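This is what each chain is made of:
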2 protein chains.
Amino acid sequence: MNDRVKSVELLDQLRRVLGPDGVITDPDVTESYRRDMMPLAPAGAPLAVVLPADTAAVQAVVRACAAAGTPIVPRGAGSGLSGAANAVDGCVVLAMTRMNRILEIDPDNRLAVVEPGVVNLDLRQEVEKEGLFYPPDPSSYDWCTIGGNVSTNAGGLCCVKYGVTTDSVLGLEVVLASGELLRTGRRTVKGVAGYDLTKLFVGSEGTLGVITQATLALRPLPQAPATMVAAFPSTEAAGVAVAGVVREGLVPSLMEIMDAASIRAVEAHLNTELGAGSGSAALLICQSDAGGEVAKRELEKIEQLCLSAGAELAYVTTDVAEGRMLLAARRAVLTALEVYGAWLTDDVCVPRTRIAELISGCAEISARQRLLIAVVGHAGDGNMHPTIAYDPTDADQFERAKLAFDEILEVGLALGGTVTGEHGIGKIKREWLAREIGEVGIGAHRAIKRALDPDNLFNPGSMFALD
Amino acid sequence: MNDRVKSVELLDQLRRVLGPDGVITDPDVTESYRRDMMPLAPAGAPLAVVLPADTAAVQAVVRACAAAGTPIVPRGAGSGLSGAANAVDGCVVLAMTRMNRILEIDPDNRLAVVEPGVVNLDLRQEVEKEGLFYPPDPSSYDWCTIGGNVSTNAGGLCCVKYGVTTDSVLGLEVVLASGELLRTGRRTVKGVAGYDLTKLFVGSEGTLGVITQATLALRPLPQAPATMVAAFPSTEAAGVAVAGVVREGLVPSLMEIMDAASIRAVEAHLNTELGAGSGSAALLICQSDAGGEVAKRELEKIEQLCLSAGAELAYVTTDVAEGRMLLAARRAVLTALEVYGAWLTDDVCVPRTRIAELISGCAEISARQRLLIAVVGHAGDGNMHPTIAYDPTDADQFERAKLAFDEILEVGLALGGTVTGEHGIGKIKREWLAREIGEVGIGAHRAIKRALDPDNLFNPGSMFALD
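Residues numbered from 1 in each chain as written. Chains lettered and ligands numbered in written order. Predicted model: local features only at pLDDT ≥ 70, side-chain atom pairs only at ≥ 80, totals over all residues. Heavy atoms only, no water.

Colleague: How should I be thinking about the overall build of chain A in this particular structure?
Modeller: Along chain A, the regular secondary structure elements total 15 helices and 18 strands. In summary, chain A has a C-alpha radius of gyration of 23 Å against a globular reference of 23 Å for 467 residues, a match within 12%. In chain A, which comprises 467 residues, the share counted as buried stands at 62%. Taking the contacts inside chain A whose residues are at least 6 apart along the sequence as the reference set, 71% of them involve residues at least 24 apart. Counting only carbon and sulfur atoms, one obtains 49% of the accessible surface of chain A, whose full area is about 16400 Å². Positive and negative side-chain charges of chain A, numbering 41 and 59 respectively, have mean locations separated by a distance of 4 Å. (Helix = DSSP H or I, 4+ residues; strand = E, 2+ residues; numbered from the N terminus. Rg over C-alpha atoms; globule rule 2.2 N^0.38 Å. Buried < 20%, exposed > 50% of the residue type's maximum accessible area, 1.4 Å probe, protein only. Contact = heavy atoms within 4.5 Å. Areas by Shrake-Rupley, 256 points an atom, 1.4 Å probe, with all protein chains shown as cover. Lys, Arg positive; Asp, Glu negative; His and termini not counted. Charge placed at Lys NZ, Arg CZ, Asp CG, Glu CD.)

Colleague: Teacher, can you tell me more about the relation of the copies chain A and chain B here?
Modeller: Turning one copy of the chain about an axis and sliding it along that axis gives the other copy, so a rotation and a shift relate them. After a rotation of 180 degrees and a shift along the axis of 0.0 Å, chain A superposes on chain B with an RMSD of 0.0 Å. The two molecules are tied by a two-fold rotation axis, judged by turn and shift. When the interface residues of chain A are mapped onto chain B, 100% of them again fall at the interface, so both copies present the same face. (Least-squares fit on C-alpha atoms with pLDDT ≥ 70 in both.)

Colleague: Even after reading the chapter, I still don't get the UniProt feature "domain: FAD-binding PCMH-type" (unreviewed entry) in chain A, so can you show me in this structure?
Modeller: Taking the numbering used here, the UniProt-annotated feature "domain: FAD-binding PCMH-type" (unreviewed entry) corresponds to residues 42-221 of chain A. Along residues 42-221 of chain A, the helical share is 22% and the strand share 24%, with 41 Å between the first and last C-alpha atoms. (UniProt positions renumbered as here; feature names shortened; annotations may be inferred.)

Colleague: It is not clear to me how the side chain of E298 of chain A should be interpreted in this structure. Could you clarify?
Modeller: On the secondary structure map, E298 of chain A appears in helix α10 (residues 292-308). If we ignore the near neighbours within four places in the chain, the residues touching E298 of chain A are L250, V251, P252, S288 and A290 of chain A.

Colleague: Explain the sheet that holds strand β10 (residues 210-217) of chain A to me, please; I cannot follow it from the model alone.
Modeller: Hydrogen bonds between backbone groups are what pair the strands of a sheet, and the pairing can be parallel or antiparallel. Residue and element names in this part refer to chain A. Sheet architecture is open: five strands sit in the order β5-β6-β10-β8-β9, paired in antiparallel fashion. Both edges of this open sheet fall to β5 (102-106) and β9 (181-185), since each of them pairs with a single strand only. Between one strand axis and the next, the sheet turns by 10 degrees as a mean value, whatever way the strands run. Strand direction decides the pairing type here: strand β6 (residues 111-114) and β10, joined by four bridges, are antiparallel. Pairing of V113 across the sheet is with T215, part of β10. Contacting β5, β6 and β10, helix α4 (residues 120-128) crosses the sheet at an angle of about 35 degrees to β5. (Pairing = 2+ DSSP bridges. Axes fitted to C-alpha atoms, helices over the stretch in contact; angles between N-to-C directions.)

Colleague: Just to check I follow, could you spell out unusual backbone geometry for this structure?
Modeller: Most peptide bonds adopt trans geometry, and most residues besides glycine take a negative phi value. Phi angles above zero are rare outside glycine, and N271 of chain A is one such case at about 50 degrees. Note that N271 of chain A resides in the loop between α9 (260-270) and β14 (282-288). Although it is not a glycine, M463 of chain B sits at a positive phi angle of roughly 75 degrees. Residue position: M463 of chain B is located in the segment after α15 (430-452). With a relative accessible area of 0%, M463 of chain B lands in the buried category.

Colleague: I keep staring at the environment of T227 of chain B and nothing clicks. Help me out?
Modeller: Residue and element names in this part refer to chain B. Tracing the chain through its elements places T227 in strand β12 (residues 226-232). Look at T227 and you get buried, because its relative accessible area is 1%. Note: C-alpha distance between T227 and T318 (91 residues apart in sequence) is 6.2 Å. If near-sequence neighbours (up to four positions away) are discounted, T227 is found in contact with I285, C286, Q287, L299, Y315, V316, T317, G323 and L326.

Colleague: Would you mind showing me how to read the environment of V333 of chain A here?
Modeller: Mapped onto the elements, V333 of chain A comes out in helix α12 (residues 333-337). When neighbours within four sequence positions are excluded, V333 of chain A is seen to be in contact with M258, S262, V266 and V376 of chain A.

Colleague: Can you help me understand the pairing of strand β8 (residues 169-175) of chain A in this one?
Modeller: A regular strand carries its side chains on alternate faces of the sheet. Residue and element names in this part refer to chain A. For β8, a buried count of seven out of seven residues is recorded, marking the element as mostly surrounded by other parts of the structure. Relative to β10, β8 runs antiparallel, the two being bridged by six bridges. The residue bridging G171 from the neighbouring strand is T215, located in β10. Of the pairings in the sheet, the one linking β8 to β9 comprises five bridges and is antiparallel in character. From the neighbouring strand, G171 faces β9, where its bridge partner is G185. Hairpin geometry of β8 and β9 is characterised by an intervening segment of five residues between the two adjacent antiparallel strands and by a positive phi of about 90 degrees at G179.

Colleague: Even after reading the chapter, I still don't get the packing of helix α8 (residues 235-247) of chain B against helix α13 (residues 355-369) of chain B, so can you show me in this structure?
Modeller: Packed helices, taken two at a time, are described by their axes: the angle between them and the distance between them. Residues and elements named next belong to chain B. Where α8 contacts α13, the axes come no closer than 8 Å and their chain directions differ by 155 degrees. Relative to α13, α8 is oriented roughly antiparallel. Taken as a pair, α8 and α13 cross one another with a handedness that is right-handed. Residues T235, E236, G239 and V242 of α8 form the contact with α13, whose participating residues are I355, A356, I359 and S360. Each residue belonging to the contact of α8 with α13 can be placed in one class, and the counts come to four nonpolar, three polar and one charged. (Parallel < 35°, antiparallel > 145°, perpendicular 65-115°, else oblique. Left-handed = near helix turned anticlockwise from the far one by under 90°. Nonpolar A, V, L, I, M, F, W, Y, C, P; charged D, E, K, R; others polar.)

Colleague: Would you mind going over helix α15 (residues 430-452) of chain A with me for this structure?
Modeller: In an α-helix there are 3.6 residues to a turn, and that puts residues three or four apart on one side. Helix length check: α15 of chain A, at 23 residues, gives a terminal C-alpha distance of 20 Å against a target of 33 Å (1.5 Å per residue), a shortfall beyond 12%. Largest kink in α15 of chain A: about 110 degrees, centred on G438 of chain A. When α15 of chain A is considered as a whole, its buried residues turn out to be W432, L433, I437, G441, I442, A444, H445, R446, A447, I448, K449 and L452 of chain A. Where α15 of chain A is buried, its residues contact α7 (197-201) and α14 (395-414) of chain A together with β9 (181-185), α7 (197-201) and α15 of chain B. (Expected span 1.5 Å × (residues − 1). Bend = angle between axes of the 7 residues up to and from the residue.)

Colleague: Looking at this structure, I do not really get the domain arrangement of chain A. What am I missing?
Modeller: Size of an interface: often given as the accessible area lost when the parts come together. Residues and elements named next belong to chain A. Considered domain by domain, chain A is made up of domain 1 (3-95), domain 2 (102-220) and domain 3 (226-414). Each of domain 1 and domain 2 has a C-alpha centre, and the two are 23 Å apart. Each partner contributes residues to the interface: domain 1 has 15 residues there, and domain 2 has 17 residues. Taken over both partners, the interface formed by domain 1 and domain 2 buries close to 1200 Å², and the fraction arising from carbon and sulfur atoms is 67%. Looking only at domain 1, the three residues that lose the most surface to domain 2 are T55, A77 and S79, adding up to 32% of its buried area. (Domains from an automatic or database assignment. Buried area = accessible area lost by both parts, 1.4 Å probe.)

Colleague: Help me out: how do you make sense of helix α14 (residues 395-414) of chain B in this one?
Modeller: Residues and elements named next belong to chain B. In this model α14 runs 29 Å from its N-terminal to its C-terminal C-alpha over 20 residues, within 8% of the 28 Å that 1.5 Å per residue would give. Within α14, burial applies to R400, A401, A404, F405, I408, L409, G412 and L413. On its buried face, α14 sits against β16 (342-345), α13, β17 (373-378), β18 (383-390) and α15. Put simply, D394 is the residue that caps the front of α14, since its side-chain oxygen is 3.0 Å from the backbone nitrogen of D396. The first or second residue beyond α14 is G416, which carries a positive phi of 85 degrees. (Polar contact = N/O pair within 3.5 Å; in protein donor to acceptor, adjacent residues only side chain to side chain.)

Colleague: Could you clarify how one ought to interpret the side chain of Q369 of chain A in this entry?
Modeller: With respect to the secondary-structure elements, Q369 of chain A resides in helix α13 (residues 355-369). Residues within four places of Q369 of chain A in sequence aside, it is in contact with R400, L403, A404 and E407 of chain A.

Colleague: Explain the pattern of salt bridges here, please?
Modeller: Side chains that carry opposite charge are capable of pairing whenever their charged atoms lie near each other. Residue and element names in this part refer to chain A. Counted under the stated rule, the structure contains 54 salt bridges over all chains. Close ionic contact of K402 with E399 constitutes a salt bridge, the shortest N to O distance being 3.1 Å. Here E399 and K402 lie together in helix α14, a separation of three residues that amounts to about one turn. Bridged by salt links that share partners, the residues E104, D106 and R187 form one connected network. (Salt bridge = Lys/Arg side-chain N within 4 Å of Asp/Glu carboxyl O.)

Structure, rendered in structure tokens:
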């Protein structure tokens, strides 16, 4: 049987399982399922995009594809920034967006059970009605899905206090390459029965199985946050302030940094003045959700640390609207950079004492490659997003942007950091993963991948090369 | 070459690597390395106990044992309660207690790098000098080792607020079955480069490799705790209070429960009166380390919830010594039960709303098996320790104690819980792991074990059967 006949048979089989509207082959439509938000990653042409509505359908798809030897690329909304959800030629893209039900919210045990296609913001809003809080808040929280968040172990702005996605996942339901349904974890807060398979699947970027359900730990809804903002005459001064906050044992619920290029871009975009209004080199925005006087005192301590570090301006506000506005400015950086055409964003994470060095390293790369590089990031945990602006119609600029992207990773590693703090390896940082974790580490990855997915069915070529 | 000759050759080789005092074969001495603290688990006769002083020595031991086909059972102090560290016949017990150096404390990045033989309390005290806090605090914290804590994913009293060991581990150094050194994780707070191998090794009970170094996340040292104690006329009332605390979004730093049998045992042991002094059915001890007025307010809310639930007595004290005394009473339960001869302790973890049902289930088992069962536990996370007192010289009592032990697991599972919240599976709960996670789950465990330890070198027969 030749490949074409096999493909036709597979498509027939998938249509029988999913119904005609569950299988898309029209290239005009499949186009929008081919890639995520990372322009550097290659994206192939899928045989089909399938949209299962329940776990049994996922199992049927996996069994059919396994029998046909057709690779599967699972995906959520496609908000990723590593190409992990990008199609490979001839694959079946398994889009989980129709499985978007919140199956249960249990306030008494502070947990929720959801399907993978639930949008992060929808979950946040539903649990908020019960006085509960789902912390992970990636920038794309208003459209990314929980399944994608789990698969990439997504972070966000909350991580300094509340951790990353893996810290909120109690258990998973995963369809394995055999089509079998694996249930990992549990509904209890603690549990050590067996290997921690839950946390193995979290962040595995769709290479080990298809997540069809997640049991998530919720927290009490925190207080409305108070906010502190400080403007610095140098990134070094801001770095000293961040190190001081960590050293003093302060744990704000958010601590974001913007460098000069980010400040300028946002000022132009929003037609407003941030910081000291005199060309500040760095802005630090902190929030505390500890409530009332406690939050105020916490932020006043940070304010003092900022002033001691040389801030030219620092103040605390308990005005929620003002805090929201400051945060909106921080969140506007990427949009503001679109005036240059396009952007590439890195997500190196460095020890919190090395943030200023990373920013100055990026400034050097910016000068060398003659491209604007704006650095924003989660100062509280060292996870920085140096973002390179370039004109995508200018091939030379694009080449230099790619060089800059890699040079930033180099600087991050040299500072004792990691090449990805929250976006993942995907299809763009395979070589960098190998550099970061070494041959023994890659060997362990290959062994685990082969153990759970012996025929390399799921997301082949993502994260690491199998041979 | 027969087995005896092979053993002699292996011992010679080990002595060359470790020096004569690094290899113990005297049965009088190896006896104390044969088992942990769980009387139900089988323990074999080891060929030798080896005490490596550095990572290179561990690699040499692993390579020598792999070549000889001799199994390795890694162990720390032996404070475990699942038999995971128990010897199997003819094995080499790899005792990590000589590798007990704290290699680094980095206050600016709030982390420590340690060897596995460091005693938990020693680390706590050292980091405290820097104003830092290592949360995991298993009951045996004054003698258990970090390596053992990591291998069992140990919990403790702090978990309700600070999580379990895995939440404090940033990275590991592990000697694999090949003798190669795997480095997992990183020194940064965030990082998603590759599979989360760190959390796979945490809790793997020595079945996948030998941990030779751990990078641990530290927290700011919390305030001296304030304490609330409440006495209840029924376990149901205490259960209502616990559910109320969770429901109200309160997160004390500690929330422990003692049932009537525990209270009586401790009262007799310490010759004092706990609770309302009128035969209380349950005692709840809560602490808050949020500091000053905040802690007081938090505990006063809990006090009110206790009184609303029917507590016959409840009060808050900011007196640190009084808090310590109340906690000492809680910690004295197991010692107090030794008057009966011996004890077997379970560690089922149930959803926090089901604690009262678990305690009444244990009361029924106690009546049926005619044995005292005292229930103490970490009410804040549902992790309960029903502890069966028995006379070890009475074979019939021991048989009934074993039955009771299993019946408690049955009740825990039926309540939607797990068979082990913090002690692990080891050599006593293999069948229970299989029951809890099912055939697909066991299959995934076997696949991962074979992938990383194809010759079943490490801790064979622990956690699950390979075939």
